[in-house]
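Notes for the structure review
The lines below spell out each chain.
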Amino acid sequence: MSPLRVEYVNADLNALLAEPDVLAVIGFGASAPLEDDPRCLRIGLEPALNGRFEVWRGHAPVRRGRDGAVRWSSDGDYLFFAIDVDETASGSLEDAAAQAYQEIGSLLDTHRVRTGSPAHVLRLWNYMDAINEGDGDTERYRRFCAGRAHGIGPAARNGYSAATAIGRRDGIRVLQVYGLAARLAGVAVENPRQLSAWSYPRQYGPVAPTFARATRTPANQLLVSGTAAVVGHSSQHVGDTLAQLDETLLNLTSLFDAAGTEIAERGFAASLLKVYLRNPADAAQVERRLHERACGLPAPLVLVGDICRNDLRLEIDGIQG
């Protein structure tokens, strides 16, 4: 398979959607334009520095459609999918998560890619309002994890994929889930500096998170999960944004090394990253530190959002290769 092509661009939305190989155009923030096209998605996270579209391109003309509540597009090798689930209509965030993943699983079971076989999930993103609201096991992120675990079965038939979960601040109680699948399965990659998320101890909730630290795709790209200043299972450098950034970069480097020599050698220079910041006032210093510490890194997309743990100030995900 050829690599998925991903870039951050300033461009006209309709012009992008007119391109025959475009799988997805993802905008961020309330002012991002939106069209009634299954490939078009707006995420309610505000850009901290500059707003750009994230554009995914395949290698053949793209088909697109809707399967129930799930929107999808495919070039025959790659499949983009997205679903929004209203929490009130579902009953709760936990119920919305279970519903979202059950519907995604149904799409994956029935949609056929170029080989005539079901697609395999490589990567998932989850965005929800007020992720840290609630105490103890009532925290919304913990309830989301419980719902996701209940519904994820068909989407995890090859094991857990890379994933991100970030909190919006828009007050809109709609769970947004989107992802990437492919005609060939990827390989999960774990970080030796971190305990696998599904093995977290009970102190982090009644149901452990269900994701891998990264997925290595059939095209030898690395899809990196939301990564933060966690070593083992413990948060590091509480209260210090730049120290947490440095620890996060160590985790990313360790993940590159674990994924194989070619990925390790490409490093940050071949990486397109999204940085999620709890405090938008940290954006300028975080961007400067990234320029200093991540050699050759292209300009990241910096978004304001809440991290799944209250003691973490930032998280980074992305694609390498």
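Structure report, in brief.

The rules behind each value
Residues numbered from 1 in each chain as written. Predicted model: local features only at pLDDT ≥ 70, side-chain atom pairs only at ≥ 80, totals over all residues. Heavy atoms only, no water. 1 Å grid on protein atoms, 1.4 Å probe; cavity = no way out; pocket = protein on both sides within 12 Å on 5 of 7 lines; lining within 4 Å. Points joined across faces, edges and corners; volume = space filled by probe spheres on them. Helix = DSSP H or I, 4+ residues; strand = E, 2+ residues; numbered from the N terminus. Nonpolar A, V, L, I, M, F, W, Y, C, P; charged D, E, K, R; others polar. Core = buried A, V, L, I, M, F, W, Y, C linked by side-chain atoms within 4.5 Å. Buried < 20%, exposed > 50% of the residue type's maximum accessible area, 1.4 Å probe, protein only. Salt bridge = Lys/Arg side-chain N within 4 Å of Asp/Glu carboxyl O.

**Side note on empty space enclosed by the protein**
As enumerated under the stated definition, the model contains two cavities of 30 Å³ or more in all. Size it by volume and the largest cavity reaches roughly 130 Å³. Lining the largest cavity we find 15 residues, and of these Val6, Glu54, Trp125, Gly318 and Ile319 sit closest to its centre. Of all the elements in the fold, those that place two or more residues in the lining of the largest cavity are strand S1 (5–9), strand S5 (53–57), strand S9 (120–129), strand S17 (271–277) and strand S19 (314–320). In terms of residue class, the lining of the largest cavity is built from 10 nonpolar, one polar and four charged.

**Focus on the nonpolar core**
Formed by 67 residues in total, the largest nonpolar core has its most connected members in Trp56, Phe81, Phe144, Leu175 and Tyr178. With eight residues, the single largest contributor to this core is helix H3 (residues 93–110). Counting 24 residues, the second largest nonpolar core, distinct from the first, contains Leu242, Ala259, Leu290 and Ile316.

**Considering the pattern of salt bridges**
Per the counting criterion, the structure on display carries 25 salt bridges. With a shortest N-O distance of 2.4 Å, Arg57 and Glu7 are connected by a salt bridge. Placement of the pair is Arg57 in strand S5 and Glu7 in strand S1, with a sequence separation of 50 residues. Relative accessible area serves as the criterion here: at 12%, Arg57 is assigned to the buried category. On the accessibility criterion, Glu7 (33% relative accessible area) is partly exposed. A salt bridge links Arg293 to Asp246; the nearest nitrogen and oxygen atoms lie 3.0 Å apart.

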